[in-house]
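Residue-level listing of the chains:
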Amino acid sequence: MTSEFYERNAEDYFRATVGIDMSEPRERFAKLLSPGARVLDAGCGSGRDARAFHELGFQVTAFDASPRLAALAREYTGLPVEVRTFQEVTWCEAFDGIWASATLLHVPRAELPSVMRRLRDALVPGGVWHLSFKYGAGEREVEGRRFTDLDERAAETLVAEAGGLEVVWMGVEPSRKPQMPDERWLVVLLRRRPA
């Protein structure tokens, strides 16, 4: 199971990802937010982005499904980091922005629309949402981790299934991990439609 992979490999995963330069996508997202906006880092991993958003002056809430990763992120960021899954998200109109970088890709495709609706409901109307998936089509398992890959058409279908969202920007970007130069990512910025 994916969550067990992160529990077993928390320290290695932290070391491998905490230094990845995500400044460009973070800036693209942050430009759409007001100063001091409330940001949810959904599946925060190492806490790299939660910390960066906090340093930019945003009010950050973060969670991860792995207790060990959440503890490492807490230590790294100095922020409270909750342990919860996407299926346990119950906030209602609590955030101006959601950052879900390389996290929803672990949700089975059949569960994605309901998970997307939970996260959409956590956004205020007009709120913005960054998400990213490995570029491709279909579901697969690699070394104990499950992946749902998306291309542009699959992402548009998913957004339509979730409802109440509109695509602000979509693009395909290279991997930011030096050890994976050929990997590509589908990056999507969404906005919750006004009520």
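Read on for an overview of the structure. (Residues numbered from 1 in each chain as written. Predicted model: local features only at pLDDT ≥ 70, side-chain atom pairs only at ≥ 80, totals over all residues. Heavy atoms only, no water.)

With that out of the way, let us pick up the environment of Arg118. By secondary structure assignment, the location of Arg118 is in helix H6 (residues 112–122). Overall, Arg118 belongs to the partly exposed group, its relative accessible area being 33%. For the pair Arg118 and Val89, spaced 29 residues apart in the sequence, the C-alpha separation amounts to 6.2 Å. Ignoring sequence-local partners within four residues, the contact set of Arg118 consists of Phe86, Gln87, Val89, Thr90 and Trp91. In this structure the side chain of Arg118 is engaged in a polar contact, spanning 2.7 Å, whose partner is the backbone oxygen of Val89. (Helix = DSSP H or I, 4+ residues; strand = E, 2+ residues; numbered from the N terminus. Buried < 20%, exposed > 50% of the residue type's maximum accessible area, 1.4 Å probe, protein only. Contact = heavy atoms within 4.5 Å. Polar contact = N/O pair within 3.5 Å; in protein donor to acceptor, adjacent residues only side chain to side chain.)

Under the defined criterion, the tally for this structure stands at 1 cavity of 30 Å³ or more. Within this model, the largest cavity holds a volume of roughly 40 Å³. What lines the largest cavity is simply Met116, Leu131, Phe133, Leu150, Ala155, Leu158, Val159 and Val188. Taken together, the elements giving at least two residues each to the lining of the largest cavity come down to strand S5 (123–134) and helix H7 (152–162). (1 Å grid on protein atoms, 1.4 Å probe; cavity = no way out; pocket = protein on both sides within 12 Å on 5 of 7 lines; lining within 4 Å. Points joined across faces, edges and corners; volume = space filled by probe spheres on them.)

So, on to the packing of aromatic side chains. If you walk through the whole model with that rule in mind, you get 10 aromatic pairs. Measuring from ring centre to ring centre gives 5.7 Å for Phe14 and Tyr76, while their planes differ by 80 degrees; the resulting arrangement is edge-to-face. With Phe14 in helix H2 (residues 10–17) and Tyr76 in helix H5 (residues 67–77), this residue pair connects regions lying 62 residues apart in the sequence. Classification of Phe14 as buried rests on a relative accessible area of 15%. Owing to a relative accessible area of 29%, Tyr76 belongs among the partly exposed residues under this scheme. Linked through ring pairs, Phe29, Phe53, Phe58 and Trp99 together constitute an aromatic cluster. Just above the ring of Trp169 sits the side chain of Arg28; from NZ or CZ to the centre is 3.9 Å. Positioned above the aromatic ring of Trp91 is the side chain of Arg84, whose terminal nitrogen or guanidinium carbon lies 4.1 Å from the ring centre. (Phe/Tyr/Trp six-rings, centres within 6.5 Å; stacked < 30°, edge-to-face > 60°. Lys NZ or Arg CZ within 6 Å of the ring centre and 35° of its normal.)

On to the nonpolar core, then. Grouped together as the largest cluster of nonpolar side chains are 32 residues, with contacts concentrated most on Leu104, Met116, Leu119, Trp129 and Leu131. Those residues in contact with Leu104, other than ones at most four positions away along the chain, are Phe86, Leu112, Val115, Met116, Leu119, Trp129, Leu131 and Phe133. The next biggest cluster of nonpolar side chains, apart from the first, holds 20 residues, and it includes Phe29, Ala50, Trp99 and Leu189. (Core = buried A, V, L, I, M, F, W, Y, C linked by side-chain atoms within 4.5 Å.)

Let us look at the sheet that holds strand S3 (residues 81–83). Pairing in this open sheet of 7 strands is mixed, and the strands run S3-S2-S1-S4-S5-S9-S8 from one edge to the other. Two strands bound the open sheet, and with one partner strand each, they are S3 and strand S8 (165–174). Neighbouring strand axes in the sheet, compared pairwise and without regard to direction, differ in orientation by 15 degrees on average. Direction of pairing for strand S4 (residues 95–100) relative to S5: parallel, over a ladder of 5 bridges. (Pairing = 2+ DSSP bridges. Axes fitted to C-alpha atoms, helices over the stretch in contact; angles between N-to-C directions.)

Where side chains of opposite charge bring their charged atoms close, a pairing between them can arise. Summed over all chains, the structure comprises 18 salt bridges. The closest approach of N and O atoms between Lys134 and Glu183, which form a salt bridge, is 2.8 Å. Of the two residues, Lys134 is situated in strand S5 and Glu183 in the loop between S8 and strand S9 (184–192); the sequence distance between them amounts to 49 residues. Of the two residues, Lys134 and Glu183, neither departs from the other in class, the shared state being buried. Here Asp149 ties to Arg140 by a salt bridge, and the two come within 2.5 Å at their closest N and O atoms. Taking relative accessible area as the criterion, Arg140 reaches 33% and is therefore assigned partly exposed. (Salt bridge = Lys/Arg side-chain N within 4 Å of Asp/Glu carboxyl O.)

Okay, the layout of surface pockets next. The method is simple in principle: a probe with the dimensions of a water molecule rolls over the atoms, and the space it marks as empty is what remains. Of the voids in this model, the largest pocket is the one considered here, and its volume is about 1000 Å³. Around the largest pocket, the lining comprises 49 residues; the ones closest to its centre are Tyr6, Ala102, Thr103, Leu105 and His106. Looking at the lining of the largest pocket, the elements that each hand over two or more residues are helix H1 (2–8), H2, helix H4 (48–55), strand S2 (59–64), S5, strand S7 (145–149), S8 and S9. Residue composition of the lining of the largest pocket, by class: 20 nonpolar, 17 polar and 12 charged. By volume, the second largest pocket is sized at about 190 Å³. Every residue lining the second largest pocket is listed: Phe5, Asn9, Asp12, Tyr13, Ala16, Thr17, Lys134, Arg145, Lys177, Gln179 and Met180. When its residues are assigned to classes, the lining of the second largest pocket shows 4 nonpolar, 3 polar and 4 charged. (Nonpolar A, V, L, I, M, F, W, Y, C, P; charged D, E, K, R; others polar.)

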